[in-house]
Amino acid sequence: AEQAYALQRKGYTIKIITYHLGRDLDGLDIVRTTTIPWYKKLGPGPSWHKFYVDPLLLITAYRAARDFKPDIIHAHLHEGVILGWILKKLLRLPLIFDMQGSLTGELIAHNFPLVKTTWLKNCWYAVEKIIDHMGDVILVQSTEMKHELEKKFAVSSSDIFLAYDGVSTDLFTPGQRDSELLKKLNIPDGKKVIVYLGGLSPHKGVDILLEAFPEVLEKIPNAFLLLMGYPNEEHYRLKVQEMGLTDVVRITGRVVYEDAPRYLRLGDIAVAPKRSQTEANGKIYNYMAAGLPTIAFDTILNREILGDLGIYVYDLNDPEGLAQAMIELLMNDAKRKDLANHVREKAVKDYSWDSVASRITKAYDAATSAQ
């Protein structure tokens, strides 16, 4: 949505075609598929339902495009670019592929049955290579994604544009803790709060974060962990209960976008425990804009976003290292304050949505000129 708002500020007229799920937003022209009552998946990851939901999305998009008469098709994710390619052929329009990570890598990360064997994985990599050549240009979130496209999927460097992800730096801002929200969440005064906002799944690193937290409590008894997101809330609430951490860990469930800054302001530090080397890690941008010192695993993507301002854990499977990083940062008030100022400055300079939109428009120009 923020990407669309920013492009509108650049003078583009946007029509968004999407599934029946989600909510409409002021100022955005959104067209949805027919409602499928039993399909309610909002979280990330693959789904068997996509095999019949996506053809319905294609029909909806084609009907909308005939009336709207767009100049450019901007497709998100691999399944989106497949649909976009069909529209490209039918309507003879340039196609932008907005890539968020490897398709096969995501299937593997979510333990999808269709990648259980090496043979199946290789088949998916072959399919992914075909899909990666469907767009006229590709928008990527990191140089590592760009290098993977060039080396593994043989995409020309001239067809790849580095856009990064973005954040609304007007909405996500530093600020005082909301005392009413603290009461609502039953977080006692005086706690040093560690925040996480994102998907609740092992793939996102939530399990290793929970595994690390008891060690933090041994050194910092007034530490508190606030986990915000979905799905699997009940699974993790049960896990927290089994670990004996109910009084010091709070799981909020889904937080609507407009409320996210208020929740992030409760934190002293933030953690981004995803360990993928190529998949986008958008939560970091929100942390930075909110002025939160951020701990992340030492991946190429995380370093590209945070640069020298990140607190890194070098072993991607090291809960003790993650715990030590949280302990050291929570105990160093001066360092937290310094990092808070600098991450906010970097977010405003490099990752505001208007900056991202400027990079996207260059890709639009390239795709249009190639027609």
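Residues numbered from 1 in each chain as written. Predicted model: local features only at pLDDT ≥ 70, side-chain atom pairs only at ≥ 80, totals over all residues. Heavy atoms only, no water.

Enquirer: Please clarify how the sheet that holds strand E3 (residues 73-76) should be interpreted in this entry.
Expert: Sheets are built from strands that pair by backbone hydrogen bonding, the pairs being arranged parallel or antiparallel. As summarised here, the arrangement of the four strands in space is E3-E4-E5-E6, forming an open sheet in which the pairing is parallel. At either margin of the open sheet sits one strand with a lone partner, and together these are E3 and strand E6 (160-162). On average, adjacent strands in this sheet sit at an angle of 25° to one another, irrespective of strand direction. Note: strand E5 (residues 137-140) against E6, three bridges, orientation parallel. (Pairing = 2+ DSSP bridges. Helix = DSSP H or I, 4+ residues; strand = E, 2+ residues; numbered from the N terminus. Axes fitted to C-alpha atoms, helices over the stretch in contact; angles between N-to-C directions.)

Enquirer: Would you mind showing me how to read the nonpolar core here?
Expert: It is characteristic of soluble globular proteins that their nonpolar side chains tend to be buried jointly. One finds Phe213, Val249, Ile295, Leu322 and Met326 to be the most contacted residues of the largest nonpolar core, which totals 71 residues. Of all the elements, helix H8 (residues 206-219) adds the most residues to this core, at eight residues. Setting aside chain neighbours within four positions, we find Ile295 in contact with Ile269, Ala270, Val271, Ala272, Ile311, Val313, Leu322, Ala325, Met326 and Leu329. By size, the runner-up hydrophobic cluster in this structure holds 31 residues, among which are Val81, Met99, Val155 and Ile160. (Core = buried A, V, L, I, M, F, W, Y, C linked by side-chain atoms within 4.5 Å. Buried < 20%, exposed > 50% of the residue type's maximum accessible area, 1.4 Å probe, protein only. Contact = heavy atoms within 4.5 Å.)

Enquirer: What's the story with the packing of H8 against helix H9 (residues 233-242) in this structure? I'm lost.
Expert: When two helices pack together, their arrangement is given by the angle between their axes and by how far apart the axes lie. Axis separation between H8 and H9 bottoms out at 11 Å; the angle between their running directions is 20°. Taken as axis vectors, H8 and H9 run roughly parallel relative to one another. The handedness of the crossing between H8 and H9 comes out as right-handed. The segment H8 lies against H9, with Val206, Asp207 and Leu210 engaging Tyr236, Lys239 and Val240. (Parallel < 35°, antiparallel > 145°, perpendicular 65-115°, else oblique. Left-handed = near helix turned anticlockwise from the far one by under 90°.)

Enquirer: Help me understand the pattern of salt bridges in this model?
Expert: Pairing between side chains of opposite charge can happen when their charged atoms approach one another. One pass over the structure, following the stated rule, counts 17 salt bridges. Notably, a salt bridge pairs Asp29 with Lys15, separated by 2.7 Å at the nearest N-O pair. Residue Asp29 is located in strand E2 (residues 29-32), and its partner Lys15 is located in strand E1 (residues 15-18); the two are separated by 14 residues in the primary sequence. What makes Asp29 partly exposed here is its relative accessible area of 36%. Arg336 is the partner of Asp333 in a salt bridge, and the nearest nitrogen-oxygen pair spans 2.7 Å. You can see Asp333 and its partner Arg336 sitting in helix H14 (residues 333-350), three residues apart, about one turn around the helix. For Arg336, a relative accessible area of 12% translates into the label buried. It is possible to trace a salt-bridge network through shared partners that takes in Lys192, Asp333 and Arg336. (Salt bridge = Lys/Arg side-chain N within 4 Å of Asp/Glu carboxyl O.)

Honestly, that's just the spatial picture; any functional story needs more than this.
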